[in-house]
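A look at the structure
What follows is each chain in one-letter form.
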Amino acid sequence: TVSMRLGYRAAVCVSEEEKNEEGDTEGDGGTNLDYREREGKYPGDARVSLLYAGSEERKSDDEDDEDDNMNSKQSKSRPPVALVHNLSKEYVLHSLKTSPLVQRYKLDNNNKNATTKNVRLISLAHNPETQIAAYLISNATTQTTPEKNKGKDAALLSREAREYMKKSLTSAFVGYEQAVRKGFIDGYGVCSNGLSLPEGHDMAMSWRDVLECAVDAFVEVKGGDIRPQEKQENHDQQYQRSSLKVIRLPGNILETRGLDVSKEICSFFGSCHEDDDNANEPSSPPSEEGLHSITDDPDDYHAKQRRKLRKSRNILPKSIQVHVTRPLTAYPFGGTGIESNSSPGLSDNSGLSAPPLYLKKNNSDVDDNVTNKDGGGSSIDATHPIRILDYRIESGPLGREPTMAWTNHHYASHGLRPSSYQPILNAVLSHFDAESILEASRTRELTVEERETLDGCKLLRDMIHDLDASLDDMRSFAAHEEYLMNVAVPLIYGSFEGLDEESAGMLQLFFRAHGMAVRMVVARWTRELLLGGWKRRVGVDEKGRADTGDREKDDGAAGDDAVTKDKDQEKKIAKIWKAYGFGDYRGGYDIPEDFTLQDFALRQILEEEAVRGVVVGCSSPEHALEAMRAADASGVDNGNKKK
């Protein structure tokens, strides 16, 4: 299966006058220039951000000067470019028609000798919840708000925003159903961060909304022909049901709501298997939700939606594949941020957007692990998530050639610090102690250059001391790297006109060793966050999974395989989970020390019966091999299990 996502695009921002001058040629014969991808070209365009502010035309003062005229031509004005989100059927069909991937897919399918006929092409509507944000932002109460929207309460505006999103998503699904009929794609789906957010969040989406939009789109394309399948004898079997195939949502062993949603979808269909020609029968009966109950409010939105979906089971696919994204990356509050102004539109409606008290600086009631400190790498936020990873670092005892080892293996053999870190730190501090200049200052007045060198050395030593002192507070390696690039490196360049080769080499040596130390601390903190109160692991079963058994024992339990829980640590970790918006603490994971975090996390998700696929970002061949090894170890095969 090859998937492609549609929703976002870069669009040129032009005025109405420029639109009229440029024209807007439709049809397949168009030139597909940037102006054809202008903002507002398709109904429902929602601006997400400005990618390029544009530039004004610069004219030469001397029009007779040839060089100036050449420069004038090169300084032609350029319009702004915006990042735009759209889910209209017009945009979907245009994107699929002009997609090289679709054209290649059609070419191979029409070729009788092609070897790629077993490839399925699935297109995914990307982040429909962006349309919720667009509606909230455009209709929030301001001085320029239309009179009809003034005075609306947050709950009403939130419901209207969701209906707006559903209308947009239905339009996209109509385009997809038409594309399936035309042979552009095999099916469609949704890739949404909002599906894993709590129900009360402004940007939350419901998987039932996705199914309802698929039903409405199918009915619109079929012209209302929704008779039971056995009565549709004169229709091509390919179009008996909705072509919805995939729901893709975030989920990992910290952000567990996505895994819960996967189970809900699986329960609704009574099957977690793929709906295709070779699919097995449902492994269990579909859920009975939607049956009439005397306790139901007949006007309740959710009750009506459940009844509608129950009546539409002959239209819906027999099952849906649920794919999990970012299995190794956990964002606080699902990536929506924790600042009071980070949630678009209705921050008061959610209750999750305001920063919790535990995250306020200098709050003594919370462990330092969750305080949002100043400095490089100590904060976890919407741009610096938790990476569920162990890292490769140089390891080994002093005096020997270092070897590359995982941080968990190094910790077991040598402790929390890289073996070379402390000696390198001492050597670098000694190199920049400026002892010779200090000695000279006792007998004579220093030159201007010597004073500047002395000040620079003091500044560098202070910076190195600060980096070393804050090492145990590191929570994000990416944030640490950002701090180095934006603070430390400019500080060095601003303090010295130039560095001799030996000094530059010493600094490079320190940052290399310090970077490995940061990786050690970050990986260990992440492991402790996942362990919760677990202190020692039990045995490992034949598939490499922790054999939990009767895991919780008294702290004084004896035996090599005894497992203990530190109750105080568990309470502290539970508070951290809540502070980061990961939901209710579920007791932690008993992670064997010889498992890397990524290996353990991938195995856990792959073994979820409701999860039919895991989308892993791999930036190197080694990452891809690690993911495949985790899949092999979890029992994944090419039959009825996940692929």
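Notes on the structure follow.

So, how was this worked out
- Residues numbered from 1 in each chain as written.
- Predicted model: local features only at pLDDT ≥ 70, side-chain atom pairs only at ≥ 80, totals over all residues.
- Heavy atoms only, no water.
- Helix = DSSP H or I, 4+ residues; strand = E, 2+ residues; numbered from the N terminus.
- Buried < 20%, exposed > 50% of the residue type's maximum accessible area, 1.4 Å probe, protein only.
- Contact = heavy atoms within 4.5 Å.
- Salt bridge = Lys/Arg side-chain N within 4 Å of Asp/Glu carboxyl O.
- Core = buried A, V, L, I, M, F, W, Y, C linked by side-chain atoms within 4.5 Å.
- Axes fitted to C-alpha atoms, helices over the stretch in contact; angles between N-to-C directions.
- Parallel < 35°, antiparallel > 145°, perpendicular 65-115°, else oblique.
- Left-handed = near helix turned anticlockwise from the far one by under 90°.
- Nonpolar A, V, L, I, M, F, W, Y, C, P; charged D, E, K, R; others polar.
- Pairing = 2+ DSSP bridges.
- Patch = residues over 30% accessible without salt bridge, like charges linked within 9 Å, V, L, I, M, F, W, Y side chains within 5 Å.
- Areas by Shrake-Rupley, 256 points an atom, 1.4 Å probe, with all protein chains shown as cover.
- Lys, Arg positive; Asp, Glu negative; His and termini not counted.
- Charge placed at Lys NZ, Arg CZ, Asp CG, Glu CD.
- Polar contact = N/O pair within 3.5 Å; in protein donor to acceptor, adjacent residues only side chain to side chain.

**Details of the side chain of S395**
- Position of S395 among the secondary structure elements: in strand 11 (residues 392–395).
- Given the relative accessible area of 6%, S395 is considered buried.
- Among all residues touching S395, those that are not within four sequence positions of it are P402, T403, A405, H410 and H414.

**As for the pattern of salt bridges**
- For the structure on display, the rule yields 18 salt bridges.
- One salt bridge connects K166 with E163, and the closest N-O pair in it is separated by 3.7 Å. One end of the pair is K166 and the other is E163, both in helix 6 (residues 154–181) and three residues apart, which spans about a single turn.
- A salt bridge links E593 to R524; the shortest N-O distance between them is 2.7 Å.

**Quick look at the nonpolar core**
- Judged by nonpolar contacts, the single largest core of 49 residues is most densely connected at L96, L169, F173, Y176, I185 and V210.
- Broken down by element, the residue count for this core peaks at 10 residues, all from helix 6.
- Excluding residues within four positions of it along the chain, F173 makes contact with A125, Y188, G189, V190, V210, C213, A214, A217 and L244.
- Of all hydrophobic cores here, the second largest spans 34 residues; its members include L259, F582, Y589 and A631.

**Quick look at the packing of helix 5 (residues 129–139) against helix 6**
- Where helix 5 meets helix 6, the closest approach of the two axes is 8 Å, and the angle between their N-to-C directions is 135°. The angle between helix 5 and helix 6 falls in the class oblique. As helix 5 packs across helix 6, the resulting crossing turns out to be right-handed. Along its contact with helix 5, which presents Q131, I132, Y135, L136 and N139, the element helix 6 presents L157, S158, E160, A161, R162, Y164, M165 and S168.
- The residue inventory of the contact of helix 5 with helix 6, partitioned by class, reads seven nonpolar, four polar and two charged.

**Here we look at the packing of helix 12 (residues 421–431) against helix 14 (residues 448–469)**
- At a minimum axis separation of 10 Å, helix 12 and helix 14 run at an interaxial angle of 160°. Between helix 12 and helix 14, the angle is such that the two are roughly antiparallel. Where helix 12 crosses over helix 14, the two elements pack in a sense that is left-handed. Contacts between helix 12 and helix 14 pair Y421, L425, V428, L429 and S430 from the former with R461, I464, H465 and D468 from the latter.

**Considerations on the sheet that holds strand 3 (residues 46–52)**
- Taken together, three strands build an open sheet; the order of strands is 2-4-3 and the sheet is antiparallel. Every interior strand has two partners, whereas the edge strands, strand 2 (8–12) and strand 3, have only one. The mean inter-strand angle of the sheet, taken between neighbouring strand axes irrespective of direction, is 30°.
- Of the pairings in the sheet, the one linking strand 2 to strand 4 (residues 81–85) comprises five bridges and is antiparallel in character. In the strand pairing of strand 4, A11 is matched with A82.
- Across the sheet, helix 5 is in contact with strand 2, strand 3 and strand 4; its angle to strand 3 comes to roughly 90°.

**Side note on the pairing of strand 7 (residues 244–250)**
- Taken across its seven residues, strand 7 has seven buried, putting it largely inside the fold.
- Where strand 7 lies against strand 8 (residues 321–325), five bridges are found, and the strand directions are parallel. In the sheet register, I247 faces strand 8, and the bridge partner there is V322.

**A closer look at a negative patch on the surface**
- Taken together, E449, E452, D455 and E497 make up a surface patch of like negative charges.
- Among the secondary structure elements, E452 is positioned in helix 14.

**Considering the side chain of S95**
- Among the secondary structure elements, S95 is positioned in helix 3 (residues 89–97).
- Within the local environment of S95, its side chain forms a polar contact with the backbone oxygen of Y91, the two atoms lying 2.9 Å apart.

Purely spatial values, then, with no claim about function.
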